[in-house]
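What follows is each chain in one-letter form.
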Amino acid sequence: MARDPETIERDIEKAREALASTLDELGTKADPKRLADSAKTSLRARFEDPKVKYPLIGVGVLIGALLVRKLLR
């Protein structure tokens, strides 16, 4: 079943536009600056959670106390 050249050209143009759109979306999603900002925001949100924040403070105080003790001996 033969198709006319104009139909084929339109199909090719639609496929090109779809591919260009997909590549633009991939470029946006894979942007290193965007990924870094997203990771930073996620990490900050996680550290603001009291279940994570207070134990980290406790560990920091413990390490600080151990360092002071070690220096004073």
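Structure report, in brief. Computed from a predicted structure; not experimentally measured.

How each quantity is defined
All residue numbers refer to positions counted from 1 along the written sequence of the respective chain. Local features are withheld for residues below a pLDDT of 70 in this predicted model, meaning they are given only at 70 or higher, and side-chain atom pairs are given and counted only at 80 or more; totals for whole chains, interfaces and linings count all residues. Side-chain measures here rest on the full set of heavy atoms in the structure, leaving out hydrogens and waters. Elements are defined by DSSP. Helices are runs of H or I of four residues or more, strands are runs of E of two residues or more, and each kind is numbered from the N terminus. Atoms counted for the radius of gyration: C-alpha only. Globule rule: 2.2 Å times residue count to the power 0.38. Burial here depends on accessible area, computed with a 1.4 Å probe over protein chains only, as a share of the maximum for the residue type. Under 20% is buried, over 50% is exposed, and the range in between is partly exposed. In short, Shrake-Rupley with a 1.4 Å probe defines the accessible areas, and a residue's cover is counted only from the protein chains shown. Just to be clear on terms, a salt bridge is a Lys or Arg side-chain nitrogen sitting within 4 Å of an Asp or Glu carboxyl oxygen. All axes are obtained by fitting lines to C-alpha atoms, using only the stretch in contact for helices, and the reported angles, taken between N-to-C directions, cover 0 to 180 degrees. Roughly parallel covers angles under 35 degrees, roughly antiparallel covers those over 145, roughly perpendicular covers 65 to 115, and oblique covers all other angles. Here, residues are in contact when the closest pair of their heavy atoms is within 4.5 Å.

## A short note on the overall build of the protein
Alright, step 1. Along the backbone of the protein there are three helices and zero strands.
Alright, step 2. Traced from its N-terminal end to its C-terminal end, the protein shows the element sequence α-α-α.
Alright, step 3. For 73 residues, the compact-globule estimate of 2.2 N^0.38 gives 11 Å, and the C-alpha radius of gyration of the protein, at 28 Å, exceeds that figure by more than 25%.
Alright, step 4. Taking the principal axes of the C-alpha coordinates as reference, the protein spans close to 90 × 25 × 20 Å.
Alright, step 5. Considering the protein as a whole, with its 73 residues, one finds that 0% of them fall into the buried category.
Alright, step 6. When the accessible surface of the protein is summed, it comes to about 7,000 Å², and 64% of that surface belongs to carbon and sulfur atoms.

## Overview of the pattern of salt bridges
Alright, step 1. According to the stated counting rule, one finds two salt bridges in the structure shown.
Alright, step 2. In this structure, arginine 3 and aspartate 11 form a salt bridge, with 3.1 Å as the shortest nitrogen-oxygen distance.
Alright, step 3. Judged by relative accessible area, aspartate 11 falls into the partly exposed class, the value being 32%.
Alright, step 4. A salt bridge links arginine 16 to glutamate 13, with the nearest nitrogen and oxygen atoms 3.8 Å apart. One end of the pair, arginine 16, and the other, glutamate 13, are both in helix α1 (residues 5-29), three residues apart, so they sit about a helical turn from each other.
Alright, step 5. Assessed through its relative accessible area of 56%, arginine 16 is described here as exposed.
Alright, step 6. Judged by its relative accessible area of 37%, glutamate 13 is partly exposed.

## Thoughts on the packing of helix α2 (residues 32-48) against helix α3 (residues 50-72)
Alright, step 1. Contact geometry for α2 and α3: axes closest at 5 Å, N-to-C directions at 75 degrees. On the basis of their axis angle, the class for α2 and α3 is roughly perpendicular. Seen from α2, the contacting residues are Arg46, Phe47 and Glu48; seen from α3, they are Pro50, Val52, Lys53 and Leu56.

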